[in-house]
Every structure is written in C-alpha cells, then in structure tokens.
Amino acid sequence: MGCNAALIAQEEIICTSCLFHLPYTAFHMDSNNEAMQLLKGKFPFEFAACMLHLRSGSIVEKLIYNLKYNNHPQVGEYLGTKYGTSLRESPYFAKIDMIVPVPLHPKRLLKRGYNQSECIAAGLSLGMDVPVNTRLLHRGRYQKSQTKMYRSDRIGNVADSFYCKNGEQWADSHVLLVDDVLTTGATMAAAAEALINHIPHCKIYIVSIGRA
C-alpha cells in the first residue's frame, strides 16, 4: 500500500523500504513534543504522542485512507502493533492499565463495518501487552465527517458527543485513549473529558497514528 511493489516473504501491508522511510515522529520519547503542545491546556492529561507525520499525498495518508475507507482494518492493527512495541520502550507509557479506542457512532460503525480506532487499539494491545476496553466509552451523537472541516467547526462538531458507562469501577486507572489521526485535538478533548468526568482519579494518555 506504499510504493505498489510486490511484497516478498515476511513483509506485510508495505514493503521494508517504505516501512523504513515512514516519517516517524519520536514523540513518545519527547516530553515537549508537538502533540503535547497542541493539547496542553485543553484537558488534563499525562502524555500524548503520535506515530507518524501525516501530509497530503504521502504514504501515511494512503495508509490511513485505506484503513478508514477501503475496508482494510488490518492496516490499523499492523501500525498499532509497530507503535505499541515502541511505546513499550518509553518511560512515559509504563503505567498504562487499559487501552480505550475513540468510538464511532453506531450508524457510522454500521456503514463502515468496523471502528478503525479499535483496529489500532488491538495492535497497540499486542505490542504493549495491555488490554483493550471497548465497553467504557461510547458515542451518543452522530456528527458529520470532520475531514474537511475548519478548526472552529471541529470543536463544535464533537462537543458533548461522548459518554461513559460504569466508569466508577475503573477508578485510579491509567487510560490510553486512541484515535487514528490527531488534527486539532477536538475529538480527543471531548473523549478525554468524558473519561475524566466519569472515572474517579483517572490518568489520561493520548496516542494516534497520524499527526496531521
């Protein structure tokens, strides 16, 4: 899905050359990274990181597009596993108790057939050896796609979109919140606030595959 070359034995999704040349961020080892700066002051969180820089026309954009719109959920698990292995080496993610993917509204889930963030979370779980919780965070309001929205429109589009069930039983948990792409941080902020408001004394960590 990168350069369109035929894959050889042991290669998955993209070839070794494309994998090597992906625009990795190294945010997971930098306490003053770009994601941290973007989200600072929007909600309380412990750490934030993104795996790859996402630019128009790039292989990363192609991978994310295939994951979300071309019925290739295996892309999410593949990238999630790769990143989970890296996060396991970071001191900033050493205390994670569970991984929570940003949920889709049931209507969008029915249309797409799967939640791309759940696919990424499944991969992260393999790489980090941490369980995924898909029963905690839910999406209660259907929104338009944010792909072509301006920053101000994104914030209003996701406000009050998420809610939690049985959050009290996860008190004091260190929660890794996962989405496919971090753009303005509006979705992450809304989802994180739902977790913070319903899980007593929880600690929030943020991860995405792409940083747009």
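Quick look at the structure, then. (Residues numbered from 1 in each chain as written. Predicted model: local features only at pLDDT ≥ 70, side-chain atom pairs only at ≥ 80, totals over all residues. Heavy atoms only, no water.)

### Details of the pattern of salt bridges
Here's step 1: Inspection of the entire model under this criterion finds 2 salt bridges.
Here's step 2: The shortest N-O distance in the salt bridge between aspartate 180 and lysine 68 comes to 3.2 Å. With aspartate 180 in strand E5 (residues 174–182) and lysine 68 in helix H3 (residues 59–69), this pair connects stretches of sequence that are 112 residues apart. (Salt bridge = Lys/Arg side-chain N within 4 Å of Asp/Glu carboxyl O. Helix = DSSP H or I, 4+ residues; strand = E, 2+ residues; numbered from the N terminus.)

### Topic: the packing of aromatic side chains
Here's step 1: Scanning the model with the defined rule gives 5 aromatic pairs in all.
Here's step 2: Ring centres of phenylalanine 43 and phenylalanine 45 lie 5.3 Å apart, and the angle between their planes is 45 degrees; on these two criteria the pair is classed as tilted. Neither residue differs from the other here; phenylalanine 43 and phenylalanine 45 are each classed as buried.
Here's step 3: Here the aromatic rings of phenylalanine 47 and tyrosine 92 are separated by 4.2 Å at their centres, their planes lie at 10 degrees, and the arrangement is stacked. Here tyrosine 92 lies in the loop between helix H4 (74–87) and strand E2 (98–101) and phenylalanine 47 lies in strand E1 (residues 47–53), a separation of 45 residues in the sequence. (Phe/Tyr/Trp six-rings, centres within 6.5 Å; stacked < 30°, edge-to-face > 60°. Buried < 20%, exposed > 50% of the residue type's maximum accessible area, 1.4 Å probe, protein only.)

### Let's talk about the environment of serine 117
Here's step 1: Tracing the backbone shows serine 117 in helix H6 (residues 116–128).
Here's step 2: Given a relative accessible area of 1%, serine 117 falls into the buried group.
Here's step 3: Residues serine 117 and tyrosine 205, spaced 88 residues apart in sequence, show a C-alpha to C-alpha distance of 15 Å.
Here's step 4: Those residues in contact with serine 117, other than ones at most four positions away along the chain, are Pro101, Val102, Val178, Asp179 and Asp180.
Here's step 5: A distance of 2.8 Å separates polar atoms of two side chains, one belonging to serine 117 and the other to aspartate 179. (Contact = heavy atoms within 4.5 Å. Polar contact = N/O pair within 3.5 Å; in protein donor to acceptor, adjacent residues only side chain to side chain.)

### Description of the environment of asparagine 33
Here's step 1: Assignment of secondary structure puts asparagine 33 in the loop between helix H1 (16–20) and helix H2 (34–39).
Here's step 2: Distance in space between the C-alpha atoms of asparagine 33 and phenylalanine 47 is 9.6 Å, their sequence separation being 14 residues.
Here's step 3: What asparagine 33 contacts, discounting residues up to four positions off in sequence, is Phe27, Phe47 and Ala48.
Here's step 4: One polar contact links the side chain of asparagine 33 to the main-chain carbonyl oxygen of phenylalanine 27, over a distance of 3.0 Å.
Here's step 5: Within the local environment of asparagine 33, its side chain forms a polar contact with the backbone oxygen of aspartate 30, the two atoms lying 2.8 Å apart.

### Regarding the state of the cysteines
Here's step 1: A full pass over the atoms with the stated rule returns 0 disulfides.
Here's step 2: Sulfur of cysteine 15: no disulfide; nearest cysteine sulfur belongs to cysteine 18 and is 3.6 Å away.
Here's step 3: Cysteine 18 sits in the buried class, given a relative accessible area of 9%. (Disulfide = S-S within 2.5 Å.)

### Considerations on the environment of valine 181
Here's step 1: Here valine 181 is to be found in strand E5.
Here's step 2: For valine 181, a relative accessible area of 18% puts it in the buried group.
Here's step 3: For the pair valine 181 and leucine 126, spaced 55 residues apart in the sequence, the C-alpha separation amounts to 20 Å.

### Some details on H3
Here's step 1: Those residues of H3 lying buried are Val60, Leu63, Ile64, Asn66, Leu67 and Lys68.
Here's step 2: Tucked into the core, H3 has its buried residues touching E1, H4, helix H5 (106–112), H6, E5 and strand E6 (203–211).
Here's step 3: One or two residues past the end of H3 sits asparagine 71, with phi positive at roughly 60 degrees.

### Comments concerning the sheet that holds E5
Here's step 1: Pairing is parallel across the open sheet formed by 4 strands, whose spatial order is E1-E6-E5-E2. Either end of the sheet is taken by a strand with one partner, and the two such strands are E1 and E2. Strand-to-strand twist of the sheet, defined as the mean angle between neighbouring strand axes without regard to direction, takes the value 20 degrees.
Here's step 2: Bridging between E5 and E6 involves 8 bridges; their strand directions are parallel. (Pairing = 2+ DSSP bridges. Axes fitted to C-alpha atoms, helices over the stretch in contact; angles between N-to-C directions.)

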